[in-house]
Amino acid sequence: MASPSLPPSVPSQTAAAAARFARIPSSVSLKSTPSSFKIPHGQQQQGQLENLHLVSLSKQGKLKEARDFLKQMDEAGVLVNPHSYESLLEACGKMASLSDGRLIHRRLGNPSRYLENCVLEMYCACESFRDAEKLFDEMLEKDVASWGILISGYSQKGRLKEAFRLCTRMIELGIGLNSTVFTNLLKSLSDPSVLEIGEQLHSLVIRTGLSTNVSVITAISNMYVKCRQLQRAKLVFDQMVETNAVAWTGLMMGYTRAGKQKDALALFIRMLKEGVEMDQFVFSITLKACSGLEYLNLGRQIHGYIVKLGLESDVSVGTPVVDLYIKCSCFDSARRAFKRISEPNDASWSAIITGYCQIGEFEKSLQIFRSLRLKDMAMNSFIYTSIIQACSALADYNMGAQAHADAIKRGLVSYVHGESAMITFYSKCGRLDYANQAFESIDEPDTVAWTAIICGHAYHGNASEALKLFRRMQSSTARPNEVTFIGVLTACSHSGLVTEAKLYLESMSREYGVDPTIDHYDCMVDAYARAGLLQEAYELVKNMPFEPDAMSWKCLLGGCWIHRNLELGEITAKNLLQLDPDDTAGYILMFNLYGSHGKWDEAARVRSMMGARKLKKELSCSWITVKGKVHRFVVGDKHHPRTDDIYRKLKELNCSVTDVESIHLTEEDVSFGLPERKQLLMEHSERLAIAFGLISVPNNVPIVIFKNLRACKHCHDFAKHVSMVTGHRITIRDSCRFHHFHLGKCSCDDYW
């Protein structure tokens, strides 16, 4: 929108004084009575302090106080000068206060053309185009600025038909369109659907002799960029007699958004060679291009140049630097760059929170989030999406639910990623009912949302529902991707649907254009192995169109353990340990397989191999949330304040294991000898968590427990037993899936 300049009629002293309005406290008021004001004729400086105060109120947006003060000025006989009216009208426009704007308009009487333009601009800002058109038609002396203000007002609000109607009238009246009108019209053309209008404007610019005007030609180039005509934008750009940073930046941004980061970087190199003066926006876009390509070395060089210019503390430059290092997995560099930003904004905080999530420091990301909320800092949808993802990883239901509610309250649930993150979060926290609600609330779920809900049901063991959802997805406009089929195949694998899994694997490329990866074949190997079709699984591992990875052999070895096939297990373990000799799962499975066949010497040799490699599994931990507080347990834990009550409850359940030969080596007791494992089995972390749940949670509330490693068979049987004797519903999420126990049965039907 055209900004009218101060007319020559306003005294320069008044303008200079108005620039110092901030020094005048808002508490200033007229102390004198109306009769005490005797304004000598022609004395322009009378009431200067009062006018400064009026400007101060308008700049602060205190329109009610300004109205009251105007009355006092009227009563005191103090004149309101043009600059004060200009400030008041500007404030009305910014705050869309049409009623105040009309009041000021009525006060003006017979204003100058300049002030009429200010009123016109106010009406456009308030989107009261009826008032604007009425004033415009009544203006006795319209100048080019008047036309420009109304045309710009319409164009900025997307009302192109009205804007071009006025342009046609200008041409018919012989009034030449100036650069401001063209620039504002071109800025409003931001979609390929209006390309033809943009072309006509371009032609008109050439005919009116403005093709050498830098601002107009820059706007034309940027118009072509926004209309996705990059070649034409580049042609206009190359023909420019004179360029500025805005023109370079616009074309670079177009290349970056179109995924042509290399072309954007080529422009940046040209700028360097041609000695073009660069601003922070040029560096921002260049760094984004480096991030997209993960060009770490070039990004470091640009960062060094930014430091040399003293711009790294600028948030518009510092934030893309942080984002670059995070995208390139250099979190220490990202953290240092973040600390140098003088005033981080929501994008800066979002970048660093994402970085902490990326390196697995989820608690740190939540700590930052809490700090931002306490300070009432501005946030964006990306922050909430990252926090929900962090809560998913930590299974922190309370914090995640609060963040979800906060995001809804602020209107910051991202349609693209946020809603899908909510589905995953509720699924991972065991609240599949809320996950379903979140999914069904989406009008048109995209591929990510469908995949999230399908995977949620798959990992909860609801194969029939997962496949039903997949069939619904097939009827929608969304197309399944690689991850979708991981969820579908996992659902089949965990429920013994071998034939269905095979059909889905075979249909991926043929029907959906999704090429299977090694991960999809590993799912198929797992489906065969779990179902006891070990030979089929072995043949698939040997003959699939990929070199088997460690997971391929691990899935097969798991099946050999379940179905006690020692011969194939030894072959499989040999291949697994060759590919990944530091994975404790292979040793544990073989130890148990040898133990199940009474081959304790071989089992001891496996233990020795683990000891020789100094292998230690991540410490097992189970946790439960009661009344908003998280309670964590490790094997044999005796540090909880209610330890005595917990162990007393375990003893009551009378689920001790007496057959030492049947005890298998697990992740929890891998470091202990065989005699000790009988007692330790009674003290596995999830048993302690279950016991604590029983003494802390009402009977009608499910006990929900999370574990960082897989549950062992004994604890799985223990949970079934507890659900039967107590009637309590128990949910355990281990590292692979959810188990829902009720009345002595598990949702997995012991197929795990």
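Residues numbered from 1 in each chain as written. Predicted model: local features only at pLDDT ≥ 70, side-chain atom pairs only at ≥ 80, totals over all residues. Heavy atoms only, no water.

### Description of the overall build of the protein chain
Regarding its fold elements, the protein chain presents 39 helices and six strands. A fraction of 63% describes how many contacts in the protein chain between residues 6 or more apart in sequence connect residues 24 or more apart. As displayed, the protein chain has an accessible area near 36200 Å², and 51% of this comes from carbon and sulfur atoms. (Helix = DSSP H or I, 4+ residues; strand = E, 2+ residues; numbered from the N terminus. Contact = heavy atoms within 4.5 Å. Areas by Shrake-Rupley, 256 points an atom, 1.4 Å probe, with all protein chains shown as cover.)

### With respect to a nonpolar patch on the surface
Residues Ile269, Leu272, Tyr305 and Leu309 make up a contiguous nonpolar surface patch of roughly 310 Å² in combined accessible area. Only helix H15 (261-274) and helix H17 (296-309) provide two or more residues apiece to the nonpolar patch. Relative to the helices and strands, leucine 272 resides in helix H15. (Patch = residues over 30% accessible without salt bridge, like charges linked within 9 Å, V, L, I, M, F, W, Y side chains within 5 Å. Salt bridge = Lys/Arg side-chain N within 4 Å of Asp/Glu carboxyl O.)

### Description of the UniProt feature "repeat: PPR" (unreviewed entry) in the protein chain
Per the UniProt entry, the sites bearing "repeat: PPR" (unreviewed entry) are residues 143-177, 244-278, 345-379 and 446-480 in this numbering. Secondary structure content for residues 345-379 is 74% helix and 0% strand, while the C-alpha to C-alpha distance between its ends is 8 Å. (UniProt positions renumbered as here; feature names shortened; annotations may be inferred.)

### So, unusual backbone geometry
In this structure, alanine 96 takes a positive phi of about 55° despite not being glycine. Here alanine 96 shows up in the loop between helix H4 (82-94) and helix H5 (98-108). Positive phi, close to 55°, is recorded for aspartate 376, a residue that is not glycine. Take aspartate 376: its relative accessible area is 59%, and that puts it in the exposed class. (Buried < 20%, exposed > 50% of the residue type's maximum accessible area, 1.4 Å probe, protein only.)

### Regarding helix H3 (residues 63-76)
An ideal rise of 1.5 Å per residue puts 20 Å on 14 residues; H3 measures up with 20 Å between its terminal C-alpha atoms. Listing the buried residues of H3 in full gives Leu63, Ala66, Phe69, Leu70, Met73 and Ala76. Looking down the long axis of H3, one finds its buried residues gathered within 125° of arc, a one-sided arrangement. In H3, those exposed residues whose orientation departs by more than 90 degrees from the buried face are Lys64, Lys71 and Glu75. (Expected span 1.5 Å × (residues − 1). Arc of directions from axis to C-beta.)

### A word on the state of the cysteines
Applying the stated criterion across every chain, the model contains zero disulfides. Take cysteine 92: it sits in no disulfide, and the sulfur closest to it among the cysteines is that of cysteine 126, at 6.9 Å. (Disulfide = S-S within 2.5 Å.)

### Quick word on the packing of aromatic side chains
The description of an aromatic ring pair uses the distance of the two centres, along with the angle that the planes make with each other. Under the defined criterion, the tally for this structure stands at 22 aromatic pairs. A ring pair is formed by phenylalanine 470 and phenylalanine 485, whose centres lie 5.6 Å apart and whose planes are at 65°; its orientation type is edge-to-face. Placement of the pair is phenylalanine 470 in helix H27 (residues 463-474) and phenylalanine 485 in helix H28 (residues 482-493), with a sequence separation of 15 residues. Exposure class is identical for phenylalanine 470 and phenylalanine 485. Each is buried. One Lys or Arg, arginine 431, reaches over the ring of tyrosine 434 and ends 4.2 Å from the middle of that ring. (Phe/Tyr/Trp six-rings, centres within 6.5 Å; stacked < 30°, edge-to-face > 60°. Lys NZ or Arg CZ within 6 Å of the ring centre and 35° of its normal.)

### Observations regarding the sheet that holds strand S2 (residues 629-633)
Read from one edge of the open sheet, six strands run S2-S1-S3-S4-S5-S6, paired in mixed fashion. Of all strands in the sheet, those with a lone pairing partner are S2 and strand S6 (745-746), marking the two edges. For strand S1 (residues 622-626) and S2, the ladder comprises five bridges, and the chain directions are antiparallel. Within the sheet, the bridge partner assigned to valine 626 lies in S2 and is lysine 629. (Pairing = 2+ DSSP bridges.)

### Examining the nonpolar core
Residues Val322, Ile352, Ile423 and Leu556 are the most contacted members of the largest nonpolar core, which totals 196 residues. When near neighbours in sequence (up to four residues on either side) are disregarded, isoleucine 423 contacts Ala435, Ala438, Phe439, Ile442, Ala449, Ala452 and Ile453. Counting 24 residues, the second largest nonpolar core, distinct from the first, contains Ala689, Ile690, Val722 and Ile732. (Core = buried A, V, L, I, M, F, W, Y, C linked by side-chain atoms within 4.5 Å.)

### With respect to the environment of glycine 496
Its location among the elements puts glycine 496 in the loop between H28 and helix H29 (498-512). Judged by relative accessible area, which is 32%, glycine 496 ranks as partly exposed. Residues glycine 496 and arginine 530 lie 34 residues apart in sequence; the distance between their C-alpha atoms is 7.2 Å.

### So, the packing of helix H6 (residues 113-125) against helix H7 (residues 129-138)
Where H6 contacts H7, the two axes come as close as 8 Å, and the packing angle between them is 155°. As judged from the angle between their axes, H6 and H7 are roughly antiparallel. At the point where H6 passes H7, the crossing takes the left-handed sense. Contact residues: H6 offers Glu116, Val119, Leu120, Tyr123 and Cys124, while H7 offers Phe129, Asp131, Ala132, Leu135 and Phe136. Classifying every residue of the contact of H6 with H7 gives eight nonpolar, no polar and two charged. (Axes fitted to C-alpha atoms, helices over the stretch in contact; angles between N-to-C directions. Parallel < 35°, antiparallel > 145°, perpendicular 65-115°, else oblique. Left-handed = near helix turned anticlockwise from the far one by under 90°. Nonpolar A, V, L, I, M, F, W, Y, C, P; charged D, E, K, R; others polar.)

### With respect to the environment of tryptophan 248
Within the element layout of this structure, tryptophan 248 appears in helix H14 (residues 245-257). Tryptophan 248 sits 16 residues away from alanine 264 along the chain, and the two C-alpha atoms are 9.4 Å apart. In contact with tryptophan 248, not counting residues within four places along its chain, are Phe237, Thr243, Leu267, Arg270, Met271, Glu274 and Val276.

### A short note on the packing of H15 against helix H16 (residues 280-293)
Axis separation between H15 and H16 bottoms out at 9 Å; the angle between their running directions is 140°. Comparing the axis directions of H15 and H16 gives the class oblique. Classified by chirality, the crossing of H16 by H15 is left-handed. From H15, Gln261, Lys262, Ala264, Leu265, Phe268 and Met271 reach across to H16, where they touch Val282, Phe283, Thr286, Ala289, Cys290, Gly292 and Leu293. For the contact of H15 with H16, the per-class residue count stands at nine nonpolar, three polar and one charged.

### Examining the pairing of strand S5 (residues 738-742)
Strand direction decides the pairing type here: strand S4 (residues 730-733) and S5, joined by four bridges, are antiparallel. Pairing of isoleucine 732 across the sheet is with histidine 739, part of S5. With antiparallel pairing between neighbouring strands as the criterion, S4 and S5 make up a hairpin whose turn holds four residues. Pairing analysis gives two bridges linking S5 to S6, with the strands arranged antiparallel. Bridged to histidine 742 within S6 is lysine 745. In this structure, the hairpin formed by S5 and S6 is closed by a connection of two residues, where leucine 743 is found at a positive phi of approximately 50°.

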